Amino acid sequence: MIREAAIEDLPRINAFLDQHIETSMFLRSNLATHGLGFSDHPHSTRAFLWEADGQFGVFGLSKVGYVMAQMPDIRLEAAQAFGHAITGHTVLGMTGEKAQVDMTLRGLGLGEAKLKMLDDEPLYRMELTDLSKTRVNSRALLESDLGPLEPWFAQYLEDTGQETEADARSKAAARGRAAFDNGRAEVLLIDGVPVAMADINAHVEDVVQLGGVFVPTEHRGKGYGALVTTAILQREAARGAKQAILFANNPIAARAYESIGFNQIGWYRIALLQTPSEVRS
């Protein structure tokens, strides 16, 4: 009833995930960018298909240990079968629709695991035809930015609850390097000085998902979050994107997104394990 996906399954998988794109961006983007199975890239993903009694579901595990799933009306037996399929692999956490996250972690034997982050965030969508056409002064993140802006990446990891202060500082350089390497981070400029940043963390055909929107403490309360979000979406719209998705970490960010045209369509759960855990199903 569960099996690892093969190349010939990709058209069906993609068509299914596209029906639920708002909560499937990480899984869909990983498969579109890196194909099936593990490679050298940390986002490369193994995918597994569940089929039984007319139900269909897709489960994924990235090389670094993040779990993804798309199975409306998910059943425990499906999650347990996925757990059996990835026994011995280490899991760092999972994101997705709340019920699916909870049931999948339970099926993996991690339902009672201690979490360093459990957050239900409002999920937003925007049609980019509604985006302001007023040009915003911004540019791509440069390699020369990485040293000066390293404190930004540390504060972002801490502010979003992904890391403690000490761990955020130790992981900031790697986070900045990853943002530069993906080629999609954007920096807002005021009088030529960087004051905010944003990133695209998933991209599938004409849909983009924003992540890493950050304004340092000294520049908050000036509308820069909305401006940098507008800037990166203007760039993506020029490249052919028609729709944008994001989830908001706090009420201030949510209001900023709403001010430029995003509408809430649901909720998105982020569950990060306190300690990386091996699946023993």
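Report follows, based on the coordinates. Computed from a prediction, not measured in an experiment: that's the story for all the values here.

Calculation rules
Per chain, the residues get numbers from 1 upward, laid out in the order the sequence is written. Reporting of local features is limited, given that this is a predicted model, to residues whose pLDDT is at least 70; pairs of side-chain atoms are given and counted only at 80 or more, and all residues count toward the totals for whole chains, interfaces and linings. The basis for the side-chain values is all heavy atoms of the structure; hydrogens and waters are excluded. Any two strands between which DSSP finds at least two bridges are classified as paired. The way it works is that DSSP assigns letters per residue, a run of H or I at least four long becomes a helix, a run of E at least two long becomes a strand, and they are numbered from the N terminus. One side-chain nitrogen of Lys or Arg within 4 Å of one carboxyl oxygen of Asp or Glu is enough to make a salt bridge. Relative accessibility thresholds used throughout: buried, under 20% of the residue-type maximum; exposed, over 50%; partly exposed, between the two (1.4 Å probe, protein chains only). The term nonpolar core refers to a set of buried residues drawn from Ala, Val, Leu, Ile, Met, Phe, Trp, Tyr and Cys, joined through side-chain atoms within 4.5 Å. Whether two residues touch is decided by their heavy atoms; if any such pair falls within 4.5 Å, the residues are in contact.

Looking now at the pairing of strand 6 (residues 115-127). Summarising the sheet, strand 6 and strand 12 (residues 263-278) pair through ten bridges and their orientation is antiparallel. Bridge assignment links L118 to a residue of strand 12, and that residue is A271. Pairing between strand 6 and strand 11 (residues 243-247): five bridges, direction antiparallel. Residue R125 lies in a different strand from strand 11, and its bridge partner there is I245.

Summed over all chains, the structure comprises 23 salt bridges. Ionic pairing is found between E163 and K116, a salt bridge with its closest N-O pair at 3.3 Å. Linking E163 in the loop between helix 5 (150-159) and helix 6 (165-181) with K116 in strand 6, this pair joins segments that are 47 residues apart in sequence. Classification of K116 as partly exposed rests on a relative accessible area of 37%. For R177, the salt bridge is made with E143, and the minimal N-O distance between the two is 2.9 Å.

Residues L188, V208, L210, L233, A244, Y257 and F262 are the most contacted members of the largest nonpolar core, which totals 30 residues. Of all the secondary-structure elements, those providing two or more residues to this core are strand 6, strand 9 (193-204), strand 10 (207-214), helix 7 (224-238), strand 11 and helix 8 (251-259). Among the elements that line this core, the one with the most residues is helix 7, at six residues. Discounting chain neighbours no more than four positions away, the residues touching Y257 are V213, T229, L246, A248 and F262. With 22 residues, the next largest nonpolar core counts V67, A69, I74 and V279 among its residues.

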